[in-house]
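Per-entry structural report
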Amino acid sequence: AAMRPLPYFCRGEVVKGFGRGSKELGIPTANFSEQVVESFPSDISTGIYYGWACVGNGDVHKMVLSIGWNPFYKNIKKSVETHIIHTFKEDFYGEILSIVIVGYIRPEKNFDSLEALISAIQEDIEEAKSQLDLPEHLKLKEDNFFHLPEGKIVNNH
Ligand code: ADP
Ligand code: MG
């Protein structure tokens, strides 16, 4: 199937995930609600992506995004999870997360060990950081999408 051209703009509520311990690994992932995930286009394939993210009307930060199959629903439902490359003072469940998916990093993988998983994610984060410093990607940080009134749910403008 043809891949949807990026960037892709998406906004929605942050909900509780299924406690896969990402926060314990130092890599918390903000999960989108089922409603947002269901509205996600199927031509954005599963895998790891990089982009920009903003909580409420806060600052825009770099992020890595995982689109995968959700084991809680016997892998028939997708989950869309954003790790924002920023240290927050508090959790932000219930807030509106706005993201722009900018580029693809790699497919989903299974890892033999926790160490291998963590180091792969660290590599994804480094890749995201350097990709997003490119001028054509930096300009999306300033996109008007991030300055629309809070709470307005708009997928792809
Ligand atoms: P859950 O299974 O509920 O998604 P996680 O361990 O993945 O739990 O933690 C995700 C939550 O951590 C987010 O919903 C958010 O409230 C909080 N959080 C704090 N810092 C970050 C961050 N840098 N990126 C993403 N989420 C963060
Ligand atoms: Mg999570």
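Before any of the text, the structure's been laid out above.
Remember, predicted model here, so these are calculated numbers, not experimental data.

1. Concerning the coordination of the magnesium ion (ligand 2)
- Of the protein atoms, only Thr29 (O), Thr29 (OG1) and Asn31 (OD1) coordinate the magnesium ion (ligand 2), at distances of 2.2 to 2.3 Å.
- For Thr29, a relative accessible area of 24% gives the class partly exposed.
- Accessibility expressed as a relative area gives 7% for Asn31, which makes it buried.

2. Considering the site of ligand 1
- Around ligand 1, 19 residues are found, and the nearest of them are Gly17, Asn31, Ile84, Phe92 and Tyr93.
- Note that an oxygen atom of ligand 1 is positioned 2.8 Å from one of the backbone N or O atoms of Gly17.
- Between His86 and ligand 1, the recorded distance is 3.0 Å, taken from a backbone N or O atom to a nitrogen atom.
- If ligand 1 stood free it would expose 560 Å²; the protein chains cover 94% of that surface.
- When contributions to the shell around ligand 1 are tallied by element, the ones reaching two or more residues are strand E2 (30-32) and strand E5 (78-84).
- Tallying contributions element by element places E5 first for the shell around ligand 1, with three residues.
- Residues belonging to the shell around ligand 1 are distributed by class as follows: eight nonpolar, eight polar and three charged.

3. Some words on the pairing of strand E4 (residues 60-69)
- E4 sits mainly inside the fold: eight of its ten residues count as buried.
- The pairing of strand E3 (residues 47-55) with E4 spans eight bridges and is classified as antiparallel. Pairing of Trp52 across the sheet is with Lys62, part of E4.
- Hairpin connection between E3 and E4: a loop of four residues separates the two successive antiparallel strands, and Gly56 in this loop has a positive phi of roughly 55 degrees.
- Examined bridge by bridge, E4 and E5 share seven bridges and lie antiparallel to one another. When the bridges of E5 are listed, Leu65 appears paired with Thr82.

Rules behind the numbers
Residues numbered from 1 in each chain as written. Chains lettered and ligands numbered in written order. Predicted model: local features only at pLDDT ≥ 70, side-chain atom pairs only at ≥ 80, totals over all residues. Heavy atoms only, no water. Donors = N, O, S within 2.8 Å, 3.2 Å for Na, K, Ca; no water. Buried < 20%, exposed > 50% of the residue type's maximum accessible area, 1.4 Å probe, protein only. Near = heavy atom within 4 Å. Polar contact = N/O pair within 3.5 Å; in protein donor to acceptor, adjacent residues only side chain to side chain. Areas by Shrake-Rupley, 256 points an atom, 1.4 Å probe, with all protein chains shown as cover. Helix = DSSP H or I, 4+ residues; strand = E, 2+ residues; numbered from the N terminus. Nonpolar A, V, L, I, M, F, W, Y, C, P; charged D, E, K, R; others polar. Pairing = 2+ DSSP bridges.

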